[in-house]
Amino acid sequence: MADDFITQVNEEMQAQRLRAMARRIGAVVGVVAVIGAIGGGVWGWNSHARHAAQQAASARYFTAMTALSDPKHDAAATQKATATFQDLAEHGPVGVRSYAALRLADLQSQAHQTDAALKTWQGWRMITLPIRPSGIWRAT
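Now for a description of the structure that goes with this document. A quick note: this is a predicted structure, and the numbers were derived from the prediction, not measured.

Now for the nonpolar core. Core analysis: the largest hydrophobic core is formed by 13 residues, its most contacted members being Tyr61, Leu68, Ala81, Phe85, Leu88, Val96 and Ala100. Secondary structure elements with two or more residues in this core: α1 (2-69), α2 (75-91) and α3 (94-110). Ranked by residue count, the leading element in this core is α3, at 5 residues.

What follows covers α1. Given a rise of 1.5 Å per residue, 68 residues ought to cover 100 Å, and the 98 Å separating the end C-alpha atoms of α1 matches this to within 8%. Of the positions making up α1, those classed as buried are Ala57, Tyr61, Ala64 and Leu68. In this structure, the buried side of α1 is in contact with α2 and α3.

Interhelical geometry of α1 versus α3 gives an angle of 20° and a closest axis separation of 10 Å. For the element pair α1 / α3, the angle class is roughly parallel. The handedness of the crossing between α1 and α3 is left-handed. Where α1 approaches α3, its residues Gln54, Ala57, Ser58, Tyr61, Met65 and Leu68 are matched on the opposing element by Gly95, Val96, Tyr99, Ala100, Arg103 and Leu107. For the contact of α1 with α3, a count of residues per class yields 8 nonpolar, 3 polar and 1 charged.

Procedures and definitions
- Residues numbered from 1 in each chain as written.
- Predicted model: local features only at pLDDT ≥ 70, side-chain atom pairs only at ≥ 80, totals over all residues.
- Heavy atoms only, no water.
- Core = buried A, V, L, I, M, F, W, Y, C linked by side-chain atoms within 4.5 Å.
- Buried < 20%, exposed > 50% of the residue type's maximum accessible area, 1.4 Å probe, protein only.
- Helix = DSSP H or I, 4+ residues; strand = E, 2+ residues; numbered from the N terminus.
- Expected span 1.5 Å × (residues − 1).
- Contact = heavy atoms within 4.5 Å.
- Axes fitted to C-alpha atoms, helices over the stretch in contact; angles between N-to-C directions.
- Parallel < 35°, antiparallel > 145°, perpendicular 65-115°, else oblique.
- Left-handed = near helix turned anticlockwise from the far one by under 90°.
- Nonpolar A, V, L, I, M, F, W, Y, C, P; charged D, E, K, R; others polar.

Rendered as structure tokens:
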């Protein structure tokens, strides 16, 4: 009978230790899950914001291209498109930035502003094609 009592006490103590350990581990798992959910939410929001900015910049780029492709475009349309390309080349997302800079350099070249076109071209190359430690040129 005494052995049964001691066995029962030992089993209860072991069960209490397991419950305490489960609470500690559960708290850690809960904290990790919350941190993971917050990190995933931030990453998803940033991804969505980048995608939305890319879409808006692409729409502006193609609107300017459409205005320039109209055979009846005037100097005001060209100036507006040039301003759009300038803004996109300086502040646009990476994918649109390079196309806008190239198109801006082309417009400047067509307007016989070779120094400005060369500066735009060189500025675009420096922004988008940095030298990597390996010495290979890659677009960023």
